[in-house]
Amino acid sequence: MITEVILKEKEVSEKLNGFSYQEVGDDHLFTGLETPMKQDAFKLSDQEKKDKIESLFSEIMDVMGLDLTDDSLQGTPKRVAKMYIDEIFSGLNPANKPKVALFDNKYQYNQMLVEKNITFYSNCEHHFVPIIGKAHVAYISSGKVIGLSKLNRIVQYYAKRPQVQERLTNQIAEELKAILDTEDVAVIIDAKHLCVSSRGIKDDTSSTVTSYFGGKFNNQEKIAELQNTLNY
Ligand SMILES: [Zn+2]
């Protein structure tokens, strides 16, 4: 039996009413689980957004003094607009949320399942430069199992937004908890922020690790077991 589950982000965030924290002392400030969006975020169609971004981006290039009649540059505003809407920020639109099929746990497998080294590309919402990383996600079935590629797709969906790593981690965790109907979910993200390595402090060796350990994962024994699995 296959159950189609499409959760609206609003439902997920409603479950977390009042959930928010802040990281202070840095230029990276994080305020909540939900990506801050305007009420009328989808008033314009994708094509209208692309047309508008194209014209605004050519203005930015023009202000910087670039010659938009140059062969190499003239198509750039259109390319950027298309890339923003169709690719790197496509996860802002709930219409692009992956449809997830759940299956009965016929295998009676009741230990942790870990999908590790999921490569993702995101963008820092403070500088609009890339975040490149790996996500490891794990869950213990509450009776339903999810197609493995869907774990990957959920990571990619939330990565394709302007992001901060803490929010990305929590959004993936909350989505998995809601879909799989269990608290027993873990998410670990290890990522490099180009705003740290290619500008500002210019530290090329550091990476940022964030984690979420819910339900049965929230104890030392399970965390150790998970870390062991990741070290294979
Ligand atoms: Zn940044």
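None of these values were measured; they are calculated from a predicted model. (Residues numbered from 1 in each chain as written. Predicted model: local features only at pLDDT ≥ 70, side-chain atom pairs only at ≥ 80, totals over all residues. Heavy atoms only, no water.)

Chemist: So what about the packing of helix α2 (residues 46–63) against helix α3 (residues 76–88)? Which residues, and what values?
Modeler: At their nearest, the axes of α2 and α3 sit 8 Å apart, and the two run at 135° to each other. Considering the angle they form, α2 stands oblique to α3. For the pair α2 and α3, the sense of crossing is right-handed. Between α2 and α3, the residues in contact are Asp46, Lys49, Lys50, Ile53, Glu54, Phe57, Ser58 and Met61 and Thr76, Pro77, Lys78, Val80, Ala81, Lys82, Tyr84, Ile85 and Asp86, respectively. Classifying every residue of the contact of α2 with α3 by side-chain character gives eight nonpolar, two polar and seven charged. (Axes fitted to C-alpha atoms, helices over the stretch in contact; angles between N-to-C directions. Helix = DSSP H or I, 4+ residues; strand = E, 2+ residues; numbered from the N terminus. Parallel < 35°, antiparallel > 145°, perpendicular 65-115°, else oblique. Left-handed = near helix turned anticlockwise from the far one by under 90°. Contact = heavy atoms within 4.5 Å. Nonpolar A, V, L, I, M, F, W, Y, C, P; charged D, E, K, R; others polar.)

Chemist: Talk me through helix α5 (residues 165–180); I want residue IDs and the actual numbers.
Modeler: Residues spaced three or four apart along an α-helix face the same direction, because each turn holds 3.6 residues. The end-to-end C-alpha separation of α5 is 22 Å, in line with the 22 Å expected for 16 residues at 1.5 Å each. Counting buried positions along α5 yields 16 of 16 residues, so the element is predominantly enclosed. Positive phi appears at Asp181, one or two residues downstream of α5, with a value of about 55°. (Expected span 1.5 Å × (residues − 1). Buried < 20%, exposed > 50% of the residue type's maximum accessible area, 1.4 Å probe, protein only.)

Chemist: Outline the pairing of strand β4 (residues 130–140), listing residues and values.
Modeler: The buried count for β4 comes to eight of eleven residues, which makes it a mostly enclosed element. Relative to β4, strand β3 (residues 112–124) is paired through ten bridges, and the arrangement is antiparallel. Counted as the bridge partner of Leu113 is Tyr139 from β4. Counted between consecutive antiparallel strands, the loop separating β3 from β4 contains five residues, among which Phe128 sits at a positive phi close to 55°. Bridge count between β4 and strand β7 (residues 185–193): nine bridges; the pairing is antiparallel. Each bridged residue has a counterpart across the sheet, and for Val137 the counterpart in β7 is Val187. (Pairing = 2+ DSSP bridges.)

Chemist: Account for the sheet that holds β7, with residues named and values stated.
Modeler: Here we have five strands laid out as an open sheet, ordered β6-β3-β4-β7-β8, and mixed in their pairing. On the outer flanks of this sheet lie β6 (162–163) and β8 (208–213), each paired with one strand and no other. One ladder, built from six bridges, connects β7 with β8; its direction is antiparallel. Its bridge partner being in β8, Val187 is matched across the sheet by Tyr212. Across the sheet, helix α7 (residues 220–230) lies against β3, β4, β7 and β8, angled at about 75° from β3, the strand it touches most.

Chemist: Residue-level account of the layout of surface pockets, with values.
Modeler: Estimates place the volume of the largest pocket at around 620 Å³. Only α2 and α3 provide two or more residues apiece to the lining of the largest pocket. By residue class, the composition of the lining of the largest pocket is 13 nonpolar, three polar and six charged. (1 Å grid on protein atoms, 1.4 Å probe; cavity = no way out; pocket = protein on both sides within 12 Å on 5 of 7 lines; lining within 4 Å. Points joined across faces, edges and corners; volume = space filled by probe spheres on them.)

Chemist: Hey, could you go over helix α4 (residues 148–159) for me, with residue numbers and the actual values?
Modeler: The terminal C-alpha atoms of α4, which comprises twelve residues, lie 17 Å apart, in line with the 16 Å expected from a rise of 1.5 Å per residue. Within the span of α4, buried status applies to Leu151, Ile154, Val155, Gln156, Tyr157, Tyr158 and Ala159.

Chemist: So what about the nonpolar core? Which residues, and what values?
Modeler: Formed by 29 residues in total, the largest nonpolar core has its most connected members in Phe120, Ile146, Ile172, Leu176 and Val187. At the level of elements, β2 (100–104), β3, β4, β5 (144–146), α4, α5 and β7 are the ones that each hand at least two residues to this core. Discounting chain neighbours no more than four positions away, the residues touching Leu176 are Val137, Leu151, Ile154, Asp181, Val185 and Val187. Judged by nonpolar contacts, the second largest core, of nine residues, contains Met112, Ala138, Ile188 and Phe217. (Core = buried A, V, L, I, M, F, W, Y, C linked by side-chain atoms within 4.5 Å.)

Chemist: Explain the UniProt feature "binding site: Zn(2+)" (unreviewed entry) in the chain to me, and be specific about the residues and the numbers.
Modeler: Under the present numbering, the feature "binding site: Zn(2+)" (unreviewed entry) in UniProt falls on Cys124, His127 and Cys195. Despite a sequence span of 72 residues, these residues sit close together in the fold, their greatest C-alpha distance being 7.5 Å. With respect to the helices and strands, Cys124 occurs in strand β3. Among the residues examined, His127 registers a relative accessible area of 25% and is labelled partly exposed. (UniProt positions renumbered as here; feature names shortened; annotations may be inferred.)

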